[in-house]
Amino acid sequence: MKYLAIILFCKLLQPLLNKKCSMELSGTRMFMRYMLIRQFAAAAIALVLCGGMVQAERAMLLIAMAFALCLTVCTYAGIAAMQSSAMVLVSMFEMAGLLVPCVVGIFLFSEPLKLAHIIGLMACIVSAWLLTGESRTSKERLPIKAWLLLAACLLSNGGIMLTQKLFAVAVPNGDIGAFHFWGFLFSAVFSAIILLSAGKEKEASKITPKLGIYGVILSAALLTISMLSTRVSASVPSVILFSAVNGGGLLLCTIVSAFVYKEKLTVRMVAGLVIGAAALMLINLA
């Protein structure tokens, strides 16, 4: 419960600052420079937590590389999608990514789903649909690019959860700090590759000190969420852990979007909040 409270606090910080960052970011090169700051900052924090010494086991490095690829895609796609989609809609697709570890866990981790779990997961999806049904202030349809970015958010965030669980199970005595050091370091390398391949794109904006500070805070929040989720995933079934983390995060995001960013909170969305809370209770009590 203590770990979950810390995770949800960090989840609360993410929509607050991600929306601010998305308003200042434009162009692939600027995105990647911003991500370099974030990923290197997270790697540096993880290195400090390891006392400056990190393990480099083969299994750890391979899983960390897969984690880094998913993290890079999820971070980029999430911020890019926010520029043409409401914050709640992006969070909904990221939350739906919990289906990936839940379904794969049936076969890979011997974590069968109970009927109550399946009902709870479906209720989470219904809740997310209600929460995002009227979330956009614009009546225009989302472009194909936005839908592709949202799909990338779903699959990549699901991949992050899956690699966290995989590391906890496959490397039971592995150093979680070292795993995240390599993961964020690899993600920084992937970001640098994208940056170098982006060409000489003309951009008027630069990374401001304020944007850099937001990035470092978000890095610390993301590192905390990931490390605690990885630690807990060794003993908690995927459906319970990731539903609580991601479902709770979506509920918090909805509240933040309504009260901080003044995105319209309708009766339909209130119903989504109620159903979402009930779904999380059902999953955790099953």
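Cut-offs used in this document
- Residues numbered from 1 in each chain as written.
- Predicted model: local features only at pLDDT ≥ 70, side-chain atom pairs only at ≥ 80, totals over all residues.
- Heavy atoms only, no water.
- Salt bridge = Lys/Arg side-chain N within 4 Å of Asp/Glu carboxyl O.
- Helix = DSSP H or I, 4+ residues; strand = E, 2+ residues; numbered from the N terminus.
- Buried < 20%, exposed > 50% of the residue type's maximum accessible area, 1.4 Å probe, protein only.
- Axes fitted to C-alpha atoms, helices over the stretch in contact; angles between N-to-C directions.
- Parallel < 35°, antiparallel > 145°, perpendicular 65-115°, else oblique.
- Left-handed = near helix turned anticlockwise from the far one by under 90°.
- Contact = heavy atoms within 4.5 Å.
- Nonpolar A, V, L, I, M, F, W, Y, C, P; charged D, E, K, R; others polar.
- 1 Å grid on protein atoms, 1.4 Å probe; cavity = no way out; pocket = protein on both sides within 12 Å on 5 of 7 lines; lining within 4 Å.
- Points joined across faces, edges and corners; volume = space filled by probe spheres on them.

Working definition: two side chains of opposite charge can pair if their charged atoms are close together. Going through the model one piece at a time under the given rule, you end up with 2 salt bridges. For E111, the salt bridge goes to K165, with nearest N and O atoms at 2.6 Å. Remark: K165 occurs in helix α7 (residues 144-170) and E111 occurs in the loop between α5 (99-108) and α6 (115-132); sequence separation between them is 54 residues. Each member of the pair, E111 as well as K165, is classed as buried.

Once that is clear, we can look at the packing of α7 against helix α9 (residues 209-233). Packed helices, taken two at a time, are described by their axes: the angle between them and the distance between them. Two numbers describe how α7 lies on α9: the axes approach to 8 Å, and their chain directions differ by 50°. Comparing the axis directions of α7 and α9 gives the class oblique. Note on packing geometry: the crossing formed by α7 with α9 is right-handed. On α9, the residues that touch Q164, K165, F167 and A168 of α7 are S226, S229, T230 and S233. Looking at the contact of α7 with α9 residue by residue, the class counts come to 2 nonpolar, 5 polar and 1 charged.

Our next topic: empty space enclosed by the protein. In total, this model carries 2 cavities of 30 Å³ or more according to the counting rule given. By volume, the largest cavity is sized at about 550 Å³. Along the wall of the largest cavity there are 29 residues; nearest its centre are K11, Q14, E94, N157 and L222. Going through the elements one at a time, α1 (2-24), α3 (58-82), α4 (87-96), α7, α9 and α10 (238-259) are the ones with two or more residues in the lining of the largest cavity. Approximately 30 Å³ is the volume found for the second largest cavity. Forming the walls of the second largest cavity are M95, S127, G247, L250, L251, G276 and L280. Residue assignment for the lining of the second largest cavity shows that the elements contributing at least two residues are α10 and α11 (267-285). Residue contributions to the lining of the second largest cavity peak at 3 residues, all from α10.

Next up on the list: the side chain of Q14. Secondary-structure assignment places Q14 in helix α1. Exposure remark for Q14: the relative accessible area of 14% places this residue in the buried category. In this structure Q14 touches L218, L222 and I225, once residues within four positions along its chain are discounted.

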